[in-house]
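Each chain is listed here by its residues.
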Amino acid sequence: MNEVWRAGALAGKSVVVTGGGTGLGAACAERLAADGATVVICGRTESRLIDTVSRVATQLSEGGPAVRHFVADVTSEDDVARLIDFSVGETGRLDGVVANAGGGGGTLPYHMQDLDEFTRVLHLNVLGTMLLVKHAVPHLVAAGGGSFVGMSSLSGGTTKRYAGAYTVAKAGVEQMMRNAADEYGEVQVRFNAVRPGFTATEIMEGIPRDSPVYASYVDNTPMAGVGEPSDVADLVRFLIGPESRWITGQIINVDGGHCLRRGPDYTAWVEPVYGHDVLVARAPKPV
């Protein structure tokens, strides 16, 4: 008989959430802890991590903080190895990973992309996720199986004009989850990816609500409006939990239906700066 989605179903489970100091990562950590998991969040800015740990501890009604923090850069293999060792040392096991750390880069067409910036985005999203897979899998296997959730984006499955590195990076995360699901299925380790649409996080606050860029998000979302971090966190909680035991290799949208239409359009921000002919490589790019 399948288990029902119940409060406390993650009691005794140990989960790592990267990029856990703000936004979606913080929301995921809070949701997992509320259902009983011991969570270790990581990020590069310790003050943000401490703030999240304190907030979650205040909201939980019993015991000490179920969320702890570890300062780490997911593009450093040494940092990732220490993060996983620290997390396993907290409970003696590892049951889940939420590879949330990521981000975008320069908003430009490909012929104007800076190589160092393009590479940085690929390293942060793709390499950072791969290092987590590499170091977490043996512990997930030792625990008898587990769940790894990669944080993708609407941009992983549709175009996002002038965000060339980000779209490629998120598509890479998705294919990694599919491939890993195939490789580790026999040892009961599941891999899935989540595709959030426009979600009201600190990063997305940088898009003015009266701008055509914001309108391009809302106009292409059948349910209109924007999502909340809790919408994404609830899906992540489901994928980490026992209720999703037969789900692996999937890419799941949580975007109000935005994936049914077209991606956001940043032309209104980029074109006035460079001009249309420069953006389509019909004129020389500025020196």
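Scroll up to find the structure this text is about.
One structure accompanies this document, and this report is about it. In this text, all values refer to a predicted model and were calculated from it rather than measured experimentally. (Residues numbered from 1 in each chain as written. Predicted model: local features only at pLDDT ≥ 70, side-chain atom pairs only at ≥ 80, totals over all residues. Heavy atoms only, no water.)

Quick look at the overall build of the protein now. When its secondary structure is counted, the protein shows nine helices and seven strands. At 19 Å, the protein has a C-alpha radius of gyration in line with the 19 Å of a compact globule built from 287 residues. Over its C-alpha atoms, taken along the principal directions, the protein stretches across nearly 60 × 40 × 35 Å. Every one of the 287 residues in the protein was classed for burial, and the buried ones make up 48%. In the protein, 75% of the contacts between residues at least 6 apart in sequence involve partners at least 24 apart. For the protein, the accessible area works out to roughly 13200 Å², and carbon and sulfur atoms hold 53% of it. (Helix = DSSP H or I, 4+ residues; strand = E, 2+ residues; numbered from the N terminus. Rg over C-alpha atoms; globule rule 2.2 N^0.38 Å. Buried < 20%, exposed > 50% of the residue type's maximum accessible area, 1.4 Å probe, protein only. Contact = heavy atoms within 4.5 Å. Areas by Shrake-Rupley, 256 points an atom, 1.4 Å probe, with all protein chains shown as cover.)

So, on to the sheet that holds strand 6 (residues 189-196). With parallel pairing, seven strands are arranged side by side in an open sheet as 3-2-1-4-5-6-7. What marks the edges here is a single partner per strand, and that holds for strand 3 (67-71) and strand 7 (251-254). Looking at each pair of strands side by side, their axes are set apart by 20° on average, direction ignored. Bridge count for strand 6 against strand 7 is four bridges, and the pairing is parallel. Of the residues in strand 7, the one forming a bridge with Val 194 is Ile 252. Sheet strands in contact with helix 4 (residues 115-142) are strand 1 (14-18), strand 4 (96-99), strand 5 (146-151) and strand 6, and its direction is about 175° off that of strand 4. Seen against the sheet, helix 5 (residues 164-184) touches strand 5, strand 6 and strand 7 and runs at an angle of roughly 160° to strand 6. (Pairing = 2+ DSSP bridges. Axes fitted to C-alpha atoms, helices over the stretch in contact; angles between N-to-C directions.)

Looking now at the pairing of strand 2 (residues 38-43). Among the six residues of strand 2, five are classified as buried, and the element is accordingly described as predominantly covered. Both strand 1 and strand 2 contribute to a ladder of five bridges, which runs parallel. Bridge pairing in strand 2 places Val 17 opposite Ile 41. A crossover connection joins strand 1 to the parallel strand 2 through helix 1 (residues 23-34); in handedness this β-α-β unit is right-handed. Bridge analysis of strand 2 against strand 3 gives five bridges, and the strand direction is parallel. By the bridge assignment, Val 40 is partnered in strand 3 with Arg 68. (Right-handed = clockwise from strand over helix to strand, strands pointing away.)

This part takes up the pattern of salt bridges. Under the definition given, this model contains 12 salt bridges. With a closest N to O distance of 2.6 Å, Arg 82 and Asp 79 form a salt bridge. Taken together, the positions of Arg 82 and Asp 79, both in helix 3 (residues 77-91) and three residues apart, correspond to about one turn of that helix. On the basis of relative accessible area, Arg 82 is assigned to the partly exposed category, the value being 45%. Judged by relative accessible area, which is 15%, Asp 79 ranks as buried. Arg 93 serves as the salt-bridge partner of Asp 95, at 2.7 Å between the closest nitrogen and oxygen. (Salt bridge = Lys/Arg side-chain N within 4 Å of Asp/Glu carboxyl O.)

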